Amino acid sequence: MTNPSLPTDAAAAEIHAATLTLDTHVDVPWPATPDPATPTARRVDYPKMQAGGLKGVVFIAYVPQGPLTAEGHDAAGARAEAMLRAIAATAGETPMRRRLCTTPDELEACAADGALAILLGVENGYAMGEDLSRLALWRKLGAIYLTVTHDGHNALSDAARPRADLGDAPTRHGGLSALGRAAIAEMNRVGLIVDVSHVARSAMLQAAELSRTPVVATHACCRALRDHPRNLDDAQMDALRDVGGLLQITAVPSFLKAPDADGTARASVSDYVDHVDYAVRRIGIDHVGLSSDFDGGGGVQGWQDASMSGAVSAELLRRGYGARELALLWSGNFLRVWRATLRAAR
């Protein structure tokens, strides 16, 4: 017997369509990047966004960790900046309207006009090297956040997953380095959100305490449900709440569920929303959001690409979340943090 208080499929689709849906972390193939204005093999392109009612995406200029040398840093910085420019250049009018959005007001206006929103982020402070001036350049190019590390320690911070193949010890700096602390202050100054995904627990807690603006984990899950080094434990989640920050639950199967007997992690939209539920109960609806990490490892049964984004809203509505809560989870909470970050910039 159905619960008459739950929305019908048609009503759920209507609520989803009316929501400003924003995926806060999507990777981009590089350097061979197919035109996203056409159907591609990527999990996210503009036709798939349109089909799934996904209004905006933070596309990532991702830089893999490499040697901590001047040459390595220069190459990483050049790659990040080339990617930011290339992603921004995918804006256009046909076959669908796409706009680069660099402020919350621009994002809201873009969605209201029925255009798709392109947002930019940089993943891995390795691309900064030891040059703090790159942070202002990235913001000028349109980036809205920096993920402080990826896998492997960099000059700014220890990572949650050290890279033995790069010679990493379990820790390098004991959390943030002095340069990393300076980088967070500079991110605050120029208006970049501090993304603590991928960073070591020690560094994450230090960043939350140090930053003048709320910090965000743009793509992580709950360690209480899945003991994985990339997930946040209850104390880390509490720290995010206490500074007004966010945990954006991500759709990476191995972050959601332990592997099956064959070594493969398999997860569904229901498993994904289990982590959303846990985070909401632990730290409150105002400190939780949604992301996919599509084209970077994300994708669960029922939400395999951007065209299927309505399934997440439908499952949340089925569990008793309403239109207001959906709006907060999909974008409202992130917009709050983003606005606070820009207000604090000098």
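The structure we're discussing is the one just above.
Residues numbered from 1 in each chain as written. Predicted model: local features only at pLDDT ≥ 70, side-chain atom pairs only at ≥ 80, totals over all residues. Heavy atoms only, no water.

Engineer: Which residues make up helix H10 (residues 269–283), and what are the values?
Structural biologist: Spanning 15 residues, H10 covers 21 Å between terminal C-alpha atoms, matching the ideal 21 Å at 1.5 Å per step. For H10, the tally of buried residues reaches 11 of 15 residues, placing the bulk of the element in the interior. Regarding H10, the residues found buried are Val 269, Asp 271, Tyr 272, Val 273, His 275, Val 276, Asp 277, Tyr 278, Ala 279, Val 280 and Ile 283. At its buried positions, H10 is contacted by helix H8 (234–242), strand E8 (246–249), helix H9 (253–256), strand E9 (288–290), helix H11 (310–318) and helix H12 (323–344). (Helix = DSSP H or I, 4+ residues; strand = E, 2+ residues; numbered from the N terminus. Expected span 1.5 Å × (residues − 1). Buried < 20%, exposed > 50% of the residue type's maximum accessible area, 1.4 Å probe, protein only. Contact = heavy atoms within 4.5 Å.)

Engineer: Before we move on, can you summarise the layout of surface pockets with the specific residues and values?
Structural biologist: By volume, the largest pocket amounts to about 160 Å³. Tallied by class, the residues present in the lining of the largest pocket amount to 3 nonpolar, 6 polar and 5 charged. (1 Å grid on protein atoms, 1.4 Å probe; cavity = no way out; pocket = protein on both sides within 12 Å on 5 of 7 lines; lining within 4 Å. Points joined across faces, edges and corners; volume = space filled by probe spheres on them. Nonpolar A, V, L, I, M, F, W, Y, C, P; charged D, E, K, R; others polar.)

Engineer: Go over the pairing of strand E4 (residues 116–123), please, and point to the residues and values.
Structural biologist: For E4, the tally of buried residues reaches 8 of 8 residues, placing the bulk of the element in the interior. The two faces of E4 match: Leu 116, Ile 118, Leu 120 and Val 122 on one face and Ala 117, Leu 119, Gly 121 and Glu 123 on the other face are all buried. Pairing between strand E3 (residues 98–100) and E4: 3 bridges, direction parallel. For Arg 99, the partnering residue across the bridge sits in E4 and is Ala 117. Taking the sense of rotation as the criterion, the β-α-β connection linking E3, helix H4 (residues 104–112) and E4 turns out right-handed. (Pairing = 2+ DSSP bridges. Right-handed = clockwise from strand over helix to strand, strands pointing away.)

Engineer: Could you give an account of the pairing of strand E2 (residues 56–62), with specific residues and numbers?
Structural biologist: With 6 of 7 residues buried, E2 lies mostly within the body of the structure. As paired elements, strand E1 (residues 22–27) and E2 share 4 bridges and run parallel to each other. In the sheet register, Asp 23 faces E2, and the bridge partner there is Val 57. At this point the chain moves from E1, through helix H2 (residues 46–52), to the parallel E2, and the crossover so formed is right-handed. Summarising the sheet, E2 and E4 pair through 7 bridges and their orientation is parallel. Its bridge partner being in E4, Gly 56 is matched across the sheet by Ala 117.

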